[in-house]
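Results of the structural survey
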Amino acid sequence: MKKYFLCLLCLFLLSNAAAQINSAIDTSAFTAPSNVKFNYKQLIIPTTLIGYGLIGLNDKGLKKLNLDIKNQLMEDGHKRLGLDDFFQYTPSLSVYALNNLGIEGKHNLKDRSVILATSLVLVATSVTAMKKITGIERPNGANNDAFPSGHTALAFAGAEFLYQEYKDESIWYGVSGYAIATSTGFLRMYNNKHWFTDVVAGAGFGILSTKTAYWLSPYLNKHIFPSMTGKSTAFFMPIYNGKQLSAAFAMTF
């Protein structure tokens, strides 16, 4: 039974990741770095994930599924794995690492930093607001800010960021980012920090935040950061613990 629930979890999140990637390829969201087109089809996956999580707040069947998954994960006992604290940052930081290795993404350093910063602000705002509104108790009883999972939201926001920047180079960058994000969500449950619905909704909020950041980027670059040129250099390190958002950021232009 334990294997059944683990397979169910991995299949659910990975299938949604694959659908997200295929949807983005088919709809061709980007015509150029400065001309991002809105396409409502890209809302289907993240809103479905968020909707599932919201329904699970009161649905008896989904609550039972949450409890069953928790019991299966906890039945043998295990030590906490802290990899989720690292994995949540890995996809977004990979974009900067790849650029440093000479593998250029879709946007220049300044533009992608603005996109990432916008995404992080949206993640922090939406996740923090939902935690306060819903007040769901964590599986370990530590507090009442379980829904949605901030670690998972940040990881999936980074995975979508990595995918959008490198989808023209290779689809495998996006696949690897989503695999890490999925692992983050699984570890949040394995460490008894979140329910399944928390993780699913977190994935939706993360993906939606980054997509929104890309849609907003032309406006921000034109009206908020018009004086910065594509030759700028920057260092950006997001720091997000599930409750608060902070960052170390330096730029020269």
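Read on for an overview of the structure. All figures in this text were calculated on a predicted structure; none of them were measured in a lab. (Residues numbered from 1 in each chain as written. Predicted model: local features only at pLDDT ≥ 70, side-chain atom pairs only at ≥ 80, totals over all residues. Heavy atoms only, no water.)

A separate point is helix 8 (residues 171-190). An ideal rise of 1.5 Å per residue puts 28 Å on 20 residues; helix 8 measures up with 28 Å between its terminal C-alpha atoms. Residues of helix 8 that are buried include every one of Gly174, Gly177, Tyr178, Ala181, Thr182, Thr184, Gly185, Leu187, Arg188, Met189 and Tyr190, and no others. Trailing helix 8 by a residue or two, Asn192 shows a phi angle of about 60°, which is positive. (Helix = DSSP H or I, 4+ residues; strand = E, 2+ residues; numbered from the N terminus. Expected span 1.5 Å × (residues − 1). Buried < 20%, exposed > 50% of the residue type's maximum accessible area, 1.4 Å probe, protein only.)

Take the nonpolar core next. Counting residues in hydrophobic clusters, the biggest one holds 19 residues, and the most contacted among them are Leu49, Tyr52, Ile69, Phe156, Tyr178, Met189 and Phe196. Of all the elements in the fold, those that place two or more residues in this core are helix 2 (44-55), helix 3 (60-74), helix 7 (150-166), helix 8 and helix 9 (196-224). Of all the elements, helix 9 adds the most residues to this core, at 5 residues. In contact with Tyr52, not counting residues within four places along its chain, are Leu62, Leu65, Phe196, Thr197 and Val200. Formed by 14 residues, the second largest nonpolar core is a distinct cluster that contains Leu98, Leu109, Leu154 and Tyr214. (Core = buried A, V, L, I, M, F, W, Y, C linked by side-chain atoms within 4.5 Å. Contact = heavy atoms within 4.5 Å.)

This paragraph deals with the packing of helix 5 (residues 90-100) against helix 6 (residues 109-134). At a minimum axis distance of 11 Å, the contact between helix 5 and helix 6 shows a crossing angle of 175°. With respect to helix 6, the axis of helix 5 lies roughly antiparallel. Each of Ser92, Val95, Tyr96 and Asn99 in helix 5 lies in contact with helix 6, whose residues at this interface are Leu109, Arg112, Ser113 and Leu116. (Axes fitted to C-alpha atoms, helices over the stretch in contact; angles between N-to-C directions. Parallel < 35°, antiparallel > 145°, perpendicular 65-115°, else oblique.)

This part takes up the packing of aromatic side chains. Taken as a whole, this structure holds 6 aromatic pairs when the rule is applied. Ring centres of Phe86 and Phe87 lie 6.2 Å apart, and the angle between their planes is 50°; on these two criteria the pair is classed as tilted. Residue Phe86 is classed as exposed on the basis of its relative accessible area, which comes to 54%. An angle of 40° between the planes, with centres 6.5 Å apart, marks the rings of Phe161 and Tyr214 as tilted. Pair noted here: Phe161 is in helix 7 and Tyr214 is in helix 9, with a separation of 53 residues, a long-range link. Like Tyr214, Phe161 is buried. (Phe/Tyr/Trp six-rings, centres within 6.5 Å; stacked < 30°, edge-to-face > 60°.)

As for its position among the elements, Ser149 is in the loop between helix 6 and helix 7. Classification of Ser149 by relative accessible area gives buried; the value is 0%. A polar atom in the side chain of Ser149 sits 2.7 Å from the side chain of Thr152. Apart from the residues within four sequence positions on either side, Ser149 is in contact with Arg188, His194, Asp198, Val199 and Gly202. (Polar contact = N/O pair within 3.5 Å; in protein donor to acceptor, adjacent residues only side chain to side chain.)

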